[in-house]
Amino acid sequence: MARLRIKEILNTTPQNQAIEVKGWVRSFRNNQFIAINDGSTNNNLQVVVELGLLEEATLKRITASASVKVNGTLIESMGKGQKVEVKATSLEILGDSDPEKYPLQLRNKPSLEYLREIAHLRFRTNTFGAVFRVRHTLAYAIHKFFNEKGFLYIHTPIITSSDAEGAGEMFRVTSLDMMNPPKNESGNIDYTQDFFGKSTNLTVSGQLEGELAAMAFSDIYTFGPTFRAENSNTARHLAEFWMIEPEMAFYDLNDNMDLAEEMMQYVIRYAMEHNLEDIEFLSNRLVDEEKQKPQNERSEMTLMEKLKFCLENKFERITYTQAIDILRESNHNKKKKFQYLVDKWGVDLQSEHERYLVEKHFKKPVILTNYPKEIKSFYMRQNDDGKTVAAMDILFPGIGEIVGGSQREERLELLENRMKEIGIPAEELSWYLDTRRFGTCQHAGFGLGFERLVLFVTGMTNIRDVIPFPRTPNNCEF
Ligand code: 4AD
Ligand code: MG
């Protein structure tokens, strides 16, 4: 007999039909009612075992997280809380779970911090069940969005010899014996003897290779893992995260912003339509969590309201210069409530500033454009003022920067000059510069941090709780 997933069973009209289900026990009451979950939904299936059906020894083995196979008939439920239930005709324990040892059984309401330590088991909780189903749906929605728009999905390399962001935050990849590395004449490690015959690292971004593809296919995107050896131990940074990077020929900065806004709204709407139960669960979870906080620190909106709000409002678009003026003149700045005071044009914005603009000032997502060139990457298109570049960052409530992108510098000479100014050797990126030599054109793109999107849509507050096995400084378990 074919096993049915619980989500499907719960939506089936009960007609005493025979069914088979497999899953893990969530609870067992009165030696009679078993709640079974198989991860297809947070809703458990109630299985009723009539007195006398099972031997005492089997009943004892129906413990939290034991895996079971149940055959029975699907009937209308008399009890509250569910429409259907299964009247068991047989039950087999597939795998035992010792309740004296099962970590999730040992604590009542385990904290998110504790669950991070047992991330191999946290998939089995309602919170993480909901989070990872939403994560899946968002990933699917992204592919769907770009596919519908005619974009090509390009796989860019994970091991590379270039630093796409020029920020030097890379993990080295080597097969040399680092206890006893070969040295060259000047006494430095001789990477010509390394696996690839040169120095290599894990990619920080697929953008540069993405640009190469966009110069042939017009519209492409990447969606893959990226790695940053930045020592940021915050609730929004990971050393290994997933990034979506579309790159479009013939787009300017405005086209780029339009696409990013459309994409964000599309994927949020898709998740709300296809994971409503999970998002409602997470929304209620957040309300409960916030009850512990003082009134003035609680969110003004529930998660559901925040998501709807993002769909119903155009993102505010302002320049970096306007943002600096707003921040400098804000009471927050005057009363020295920022950790980093905003005093002059040219400073990089901290997450507290981004969140002030979004959460306090505009109260909606904001796109900041035209940043000072000194605080942005070498490839961004230089504006005529000689001071700024055609960059755009999208800032979201509770998150800060969620998307970073720009129109690219398509003029060979200006790009070469900028690289020289910052000390990026042209020889290393000659393949990249070739796109500017052969049929260069206006183009633009952006990067969406996938985990930051999942954070936003699930209402979780720590990025370590939206990726199955987070990698952060001093932490690489599993
Ligand atoms: O702003 P970033 O560094 O931009 C780029 O990498 C460009 N090459 C993108 C492009 O134009 N194609 O990173 C893009 C986004 C950020 O806005 C943020 O959402 C996310 O990636 N991000 C991180 N997410 C988690 N942990 C980190 N350490 C992150 N660093 C960046
Ligand atoms: Mg950025």
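Structure first, text after, so check above.
Fair warning: this is a prediction, and the values are worked out from it, not measured in the lab.

Trainee: Looking at this structure, how should I read the site of ligand 1?
Mentor: Surrounding ligand 1, one finds 24 residues, the nearest of these being Glu 165, Gln 207, Arg 228, Glu 245 and Glu 401. Between ligand 1 and Ile 402 there is a distance of 2.8 Å, counted from an oxygen atom to a backbone nitrogen or oxygen. Within the side chain of Arg 408, one N or O atom sits 3.0 Å away from an oxygen atom of ligand 1. Against a free-state accessible area of 630 Å², the protein chains account for coverage of 93% of ligand 1. Those elements giving two or more residues to the shell around ligand 1 turn out to be strand S11 (240-249), strand S15 (400-407) and strand S16 (443-449). Examining the composition of the shell around ligand 1, we find that five residues originate from one element, S15, more than from any other. Taken together, the residues of the shell around ligand 1 break down into eight nonpolar, eight polar and eight charged.

Trainee: Help me out: how do you make sense of the packing of aromatic side chains in this one?
Mentor: Any two aromatic rings considered together are summarised by their centre-to-centre distance and by the angle between their planes. Enumeration according to the criterion identifies 22 aromatic pairs in this entry. Seen in terms of ring centroids, Tyr 320 and Trp 345 are 5.6 Å apart; in terms of plane orientation they differ by 90 degrees. Their pairing is edge-to-face. You can see Tyr 320 sitting in helix H11 (residues 320-329) and its partner Trp 345 sitting in the loop between helix H12 (331-334) and helix H13 (351-362), a full 25 residues away along the chain. Using a relative accessible area of 0% as the deciding quantity, one classes Tyr 320 as buried. Note that Lys 387 overlies the ring of Trp 345, its terminal NZ or CZ placed 4.8 Å from the centroid. Over the face of the ring belonging to Tyr 432 we find Arg 436, whose NZ or CZ atom lies 4.4 Å from the ring centre.

Trainee: What is the right way to read the pattern of salt bridges from this model?
Mentor: Charged atoms that come close allow side chains of opposite charge to pair. Evaluation of the coordinates by the stated rule reveals 29 salt bridges. Between Glu 148 and Lys 144 there is a salt bridge; the shortest N-O distance is 2.8 Å. Pair noted here: Glu 148 and Lys 144 are both in helix H6 (residues 126-148), with a separation of four residues, about one helical turn. Overall, the relative accessible area of 27% leaves Lys 144 in the partly exposed class.

The rules behind each value
Residues numbered from 1 in each chain as written. Chains lettered and ligands numbered in written order. Predicted model: local features only at pLDDT ≥ 70, side-chain atom pairs only at ≥ 80, totals over all residues. Heavy atoms only, no water. Near = heavy atom within 4 Å. Polar contact = N/O pair within 3.5 Å; in protein donor to acceptor, adjacent residues only side chain to side chain. Areas by Shrake-Rupley, 256 points an atom, 1.4 Å probe, with all protein chains shown as cover. Helix = DSSP H or I, 4+ residues; strand = E, 2+ residues; numbered from the N terminus. Nonpolar A, V, L, I, M, F, W, Y, C, P; charged D, E, K, R; others polar. Phe/Tyr/Trp six-rings, centres within 6.5 Å; stacked < 30°, edge-to-face > 60°. Buried < 20%, exposed > 50% of the residue type's maximum accessible area, 1.4 Å probe, protein only. Lys NZ or Arg CZ within 6 Å of the ring centre and 35° of its normal. Salt bridge = Lys/Arg side-chain N within 4 Å of Asp/Glu carboxyl O.

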